[in-house]
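# An overview of the molecular structure
Take a look at the letters that make up each chain.
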Amino acid sequence: MSEPTVASGSATLTFSRYDDVTAALADPALVPLPAAPVAAGAAAGVAWLRASVARFSAGEPHARRRALVLADLERLDPAALRVAAAGGFDPDVRLRAVRVLAAALGLADPEAVARDVATVARAYFADASEGVGRSGAREDPEADAAVARLLPAMGGPDGEADGEPDEEPVGETAANRIGLLVQACDATAALVDAARGNGGGLAAVLREDPPLRAMRRLAARATEVGGVAVPAGTHVVLDLAAAQAEAPDGVALTFGAPPRLCPGRSHALAIAEGILFGASDPADLETADRDPADSDAPTGRGADVDKAELALLVPEMVAHVLALAATWTNWDGRPVVNADGRTYTPHKAVRRVADHLLDHLAELEARLAGEPTEPDHWHASNVTTPADLAPFTAADLDEARSRLTRLAGIWARRVAALPDAYLDDSPGTGWSFRRIVRHVSESGYYADSVGDLRPVGSVEPEAEGSA
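About the criteria used
Residues numbered from 1 in each chain as written. Predicted model: local features only at pLDDT ≥ 70, side-chain atom pairs only at ≥ 80, totals over all residues. Heavy atoms only, no water. Helix = DSSP H or I, 4+ residues; strand = E, 2+ residues; numbered from the N terminus. Buried < 20%, exposed > 50% of the residue type's maximum accessible area, 1.4 Å probe, protein only. Contact = heavy atoms within 4.5 Å. Areas by Shrake-Rupley, 256 points an atom, 1.4 Å probe, with all protein chains shown as cover. Core = buried A, V, L, I, M, F, W, Y, C linked by side-chain atoms within 4.5 Å. Pairing = 2+ DSSP bridges. Axes fitted to C-alpha atoms, helices over the stretch in contact; angles between N-to-C directions. Parallel < 35°, antiparallel > 145°, perpendicular 65-115°, else oblique. Nonpolar A, V, L, I, M, F, W, Y, C, P; charged D, E, K, R; others polar. Arc of directions from axis to C-beta. Polar contact = N/O pair within 3.5 Å; in protein donor to acceptor, adjacent residues only side chain to side chain. Phe/Tyr/Trp six-rings, centres within 6.5 Å; stacked < 30°, edge-to-face > 60°. Lys NZ or Arg CZ within 6 Å of the ring centre and 35° of its normal. Expected span 1.5 Å × (residues − 1).

## Concerning the overall build of the protein chain
Tallying secondary structure elements over the protein chain gives 19 helices and 8 strands in all. Out of the 467 residues belonging to the protein chain, those deemed buried represent 49%. Long-range contacts, defined here as pairs at least 24 residues apart, represent 75% of the contacts in the protein chain between residues at least 6 apart. Accessible surface, the protein chain: about 21,200 Å² in total, of which carbon and sulfur atoms supply 54%.

## Focus: the nonpolar core
Leu49, Val113, Val117, Val120, Met154, Leu181 and Ile271 are the most contacted members of the largest nonpolar core, which totals 57 residues. Here this core takes 13 residues from helix H8 (residues 172–196), the largest share from any one element. Beyond its immediate stretch of four places on either side in the chain, Val113 contacts Val98, Ala102, Leu107, Leu150, Ala153, Met154 and Leu181.

## Looking at the pairing of strand S6 (residues 235–239)
Where burial is concerned, most of S6 is hidden: 4 out of the 5 residues are buried. With 4 bridges joining them, strand S1 (residues 12–15) and S6 adopt parallel strand pairing. Directly across from Thr12, in S6, lies its bridge partner His235.

## Section: the sheet that holds strand S2 (residues 30–31)
Taken in spatial order, the 4 strands make up an open sheet running S1-S6-S3-S2, and their pairing is mixed. The two strands at the open ends of the sheet, each matched to only one other strand, are S1 and S2. Sitting on the sheet, helix H1 (residues 18–26) touches S1, S2, strand S3 (214–219) and S6, and the angle it makes with S6 is about 130°.

## A closer look at the packing of helix H14 (residues 313–325) against helix H16 (residues 394–417)
Close contact between H14 and H16 brings their axes to 9 Å; oriented N to C, the two are set at 170°. With respect to H16, the axis of H14 lies roughly antiparallel. The segment H14 lies against H16, with Val314, Pro315, Val318, Val321, Leu322 and Ala325 engaging Leu397, Ala400, Arg401, Leu404, Thr405, Ala408, Trp411 and Ala412. Of the residues that constitute the contact of H14 with H16, the class distribution is 12 nonpolar, 1 polar and 1 charged.

## Considerations on the side chain of Ser449
Structurally, Ser449 is set in helix H19 (residues 444–450). Judged by relative accessible area, Ser449 falls into the buried class, the value being 11%. Not counting the four nearest positions on each side in its chain, Ser449 is found in contact with Val336, Asn338 and Tyr344.

## Regarding helix H4 (residues 78–85)
Helical geometry: 3.6 residues make up each α-helical turn, so side chains three or four residues apart lie on a common side. Among all positions in H4, only Leu81, Arg82 and Ala85 are buried. Buried residues of H4, seen end-on, are gathered within an arc of 100° and therefore sit on one face of the element. Close packing links the buried residues of H4 with helix H5 (93–104) and helix H11 (265–277). The N-terminus of H4 is capped by Asp77, whose side-chain oxygen sits 3.1 Å from the backbone nitrogen of Ala79.

## With respect to the pairing of S3
Relative to S3, S2 runs antiparallel, the two being bridged by 2 bridges. The residue of S3 that forms the bridge with Val31 is Leu218. Inspection of the sheet shows S3 paired to S6 by 5 bridges, in the antiparallel sense. Across the sheet, residue Ala214 finds its bridge partner in S6, namely Asp239.

## A few points about the environment of Ala272
Locating Ala272 in the fold gives a position in helix H11. For Ala272, a relative accessible area of 0% corresponds to the buried category. Ignoring sequence-local partners within four residues, the contact set of Ala272 consists of Thr188, Leu191, Val192 and Leu202.

## Some thoughts on unusual backbone geometry
Both trends apply: most residues other than glycine have a negative phi, and most peptide bonds are in trans. For the bond from Pro258 to Pro259, the omega torsion is 5°, close enough to zero to count as cis. The topology assignment puts Pro259 in the loop between helix H10 (240–244) and H11. Although it is not a glycine, Ala380 sits at a positive phi angle of roughly 55°. Within the secondary structure, Ala380 is located in the loop between helix H15 (346–368) and H16. You can call Ala380 buried: its relative accessible area is 6%.

## Concerning the packing of aromatic side chains
A full pass over the atoms with the stated rule returns 6 aromatic pairs. Aromatic pair Tyr124 and Phe125: ring centres 4.9 Å apart, planes at 85°, arrangement edge-to-face. Aromatic pair Tyr344 and Tyr446: ring centres 5.9 Å apart, planes at 55°, arrangement tilted. Here the residue Tyr344 occupies a position in strand S8 (residues 343–344), and Tyr446 occupies one in helix H19, the gap between them amounting to 102 residues. Of the two residues, Tyr344 and Tyr446, neither departs from the other in class, the shared state being buried. Joined through ring pairs, the aromatic side chains of Phe56, Tyr124 and Phe125 make up one cluster. Note that Arg50 overlies the ring of Phe56, its terminal NZ or CZ placed 4.2 Å from the centroid. Geometry around Tyr344 places Lys348 over its ring, the cationic atom sitting 5.0 Å from the centre.

## Quick word on helix H6 (residues 110–124)
When the terminal C-alpha atoms of H6 are compared, their 20 Å separation across 15 residues agrees well with the 21 Å that a helix rising 1.5 Å per residue should span. The element H6 is extensively covered by neighbouring structure, given that 12 of its 15 residues are classed as buried. All buried positions along H6 are accounted for by Pro110, Ala112, Val113, Ala114, Asp116, Val117, Ala118, Thr119, Val120, Ala121, Ala123 and Tyr124. The inward-facing, buried residues of H6 abut helix H2 (46–50), H5, helix H7 (141–153) and H8.

Right, here's the structure in full:
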């Protein structure tokens, strides 16, 4: 079955009601603007790419090409993509998203692939008004050259992933793999940028301010949408932003609708979440050098207690942290954004408690020894590392117990051994030792940010003892 023949026409109809938009997306008579045809044996370039991918096709070619994309996506674990996307400092979200996908697909040089894909993307999405009944790519020699480089980079000979000849046209597997990467390039970046400006995160962006605000279709034959006649050749504009307001909860029209629902929805969201919840861009680190727990005026117990009671503050805090940590093996893998807008996971909470205790213990010991303290270079809560996003297992809980219990014991013994006069008249420059102890005893903030993850109705966890 060949691609549909499209009659020429210049009329344009716009639909903005949810029911009309979803009906139009499901109507086989309304097809994406097909790519301009290319001659057999045409050189690999943007025009060839557009003529070879699922996005700009319909009917049997679309089904065949979509199957190629699905085969690639089925090899990818969204949870692994989320972890990979969290790593590294890279302000160019487009390169970051493509690099993650290219690495997950097993491509040889993800960095070079990402650069070429970004070059192709600028010409790939041509203006829908170009041509009559078809959409063609803008002339861009650099983008054409990038496609030519990408084709062999997608796998074996002629771009085939396994080096074996396939039944589909030569290079079609590679073309649709390139198309998958190009689709992720600008679309994922737009999703991340919109979420950074929306306090409600990705869900709110998809509901309130979808990055893809409209889709275009062409009537391959006469049809009807919402009681409105759509003659063959009519250009149809689907106002996704307006229709989204009427959509049921959980429906994101920016990913289309059946039968052409975007197959990479879960993968795109996972990569966006990883970037948002992961390593901050360098500029972000300039906005806050210390964590929310590092307040100028610690509160709570410790102001007037004796040394013996002061020595118990850190072990009591650690017991509270470990009681919460005992519930974190139930964590679903999604980072938690606390009331201060900071992102935490079980591993990150344990890391921050341990690092906070270690940081100030090193300060205290240096001051007692009459030495300068180590300059502060912690990324602290400004970074969520790939390790922070790993599952929190029973073995991780055991490691946390051993690590934090020993740190709590060191703090208890060090405070108990301090001369009483040193608590408030402390050597060196900085807070008094009493104030430092009170401060680190508030490190339960990090664990409280993750919270109690027990299933509803389960028994309350018991606090872990500390030495």
